[in-house]
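# Commentary on secondary and tertiary structure
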Amino acid sequence: MSRSVFCKVWFYLGLYATLCLLFALPSKSIAQSSIPPEDLQLQLCNRINAYRAEMGLTALTWSDSLTLIAAKHSDAMAEHRRPFSHKGFKKRAKQVYQWWQSATGVSENLYFTTWTGDLVEMAFEGWKTSQGHHENMIGAYDMTGISIVKNRKGEYFITQLFVQLP
C-alpha cells in the first residue's frame, strides 16, 4: 500500500471515529429536550426563587391555576394563532382577578427561543438583563405560574404570570 493511500485510510478512519463519538455522546440539547416541560417549569421557578432569596426576597408560591392561564397563551403563540407578544394580557389579568378577587397586581414575562441548550438558565438570564422583566422577577409578588411549550419547529414559548396579594 502506498504512503498516500495509507494516510487517506487513516484520515477517513479518524474522521469516522470522531463523527461516531460526536453523534453517540448525548449533548446538552438532547438531554434538555428530553426533560418534561412540567419539570422545566418548576426548575425555572426554583431558579427565580433562588435569585429572589439572594436578593433577600420571599419565594414565589407555585400556582397550577396561574400555569393554566399562562399555558393558553404559550400554546397560542407556539401554534402561531397569536404573535409572540403581550397581546391579550388584559384578558389574562382579568382571568387572574376572577380566580383571586383580592389580588392587587398582575404582571407577565415572556421568553422565546429556538436554542436547545440550558433553557432555564437562558430564560432566567434573559429576564434578569431586561429591566422590565427583572422588575417582575424581583417585584412584590406572592405567586407565579409558568408555562413552557415547544412546537414542532423546535421553538420554545415561555409565559410567566406573577400575582400580588394583599
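Residues numbered from 1 in each chain as written. Predicted model: local features only at pLDDT ≥ 70, side-chain atom pairs only at ≥ 80, totals over all residues. Heavy atoms only, no water.

### Re helix α3 (residues 37-54)
What counts, and what does not: For helices the rule is a DSSP run of H or I covering at least 4 residues; for strands it is a run of E covering at least 2, with both sets numbered from the N terminus onward. To estimate the expected span of a helix, count its residues, drop one, and scale the result by 1.5 Å. Categorising residues by exposure relies on relative accessible area from a 1.4 Å probe, with only protein chains included: less than 20% of the type maximum marks a residue as buried, more than 50% marks it as exposed, and the intermediate range marks it as partly exposed.
Between its first and last C-alpha, α3 extends 26 Å over 18 residues, near the 26 Å set by a 1.5 Å rise per residue. Among the residues of α3, those classed as buried are Leu40, Gln41, Leu44, Cys45, Ile48, Asn49, Tyr51 and Arg52. Just downstream of α3 lies Gly56, where phi reads positive at about 80°.

### Observations concerning the packing of α3 against helix α6 (residues 119-128)
Short version of the rule: Comment: axis = line fitted to C-alpha atoms, over the contacting stretch for helices; angle = value between 0 and 180 degrees taken between N-to-C directions. Here the angle decides the label: under 35 degrees means roughly parallel, over 145 means roughly antiparallel, 65 to 115 means roughly perpendicular, and every other value means oblique. Note on convention: near helix rotated counterclockwise from far helix by under a right angle means a left-handed crossing. Clockwise means right-handed. A contact between two residues is defined here by any heavy atoms of the two lying within 4.5 Å. Each residue gets one of three labels, nonpolar for Ala, Val, Leu, Ile, Met, Phe, Trp, Tyr, Cys and Pro, charged for Asp, Glu, Lys and Arg, and polar for the others, Gly among them.
Across the interface, α3 lies against α6 with an axial gap of 9 Å and an inter-helix angle of 45°. Here α3 lies oblique to α6, going by the angle between them. Two packed elements cross with a definite hand, and for α3 against α6 that hand is right-handed. Residues Leu40, Gln43, Leu44, Arg47, Ile48 and Tyr51 of α3 form the contact with α6, whose participating residues are Leu119, Val120, Glu121, Ala123, Phe124, Glu125, Trp127 and Lys128. Among the residues forming the contact of α3 with α6, the class breakdown is nine nonpolar, one polar and four charged.

### Thoughts on the environment of Gln101
Structurally, the position occupied by Gln101 is in the loop between α5 (89-99) and β2 (105-113). A sequence separation of 64 residues divides Gln101 from Leu165, and the C-alpha atoms of the two residues are 9.3 Å apart.

### Some thoughts on the side chain of Gln41
Along the polypeptide, Gln41 turns up in helix α3. Of the residues examined, Gln41 reaches a relative accessible area of 8% and is grouped as buried. Those residues in contact with Gln41, other than ones at most four positions away along the chain, are Trp62, Thr67, Ile146, Ser147 and Ile148.

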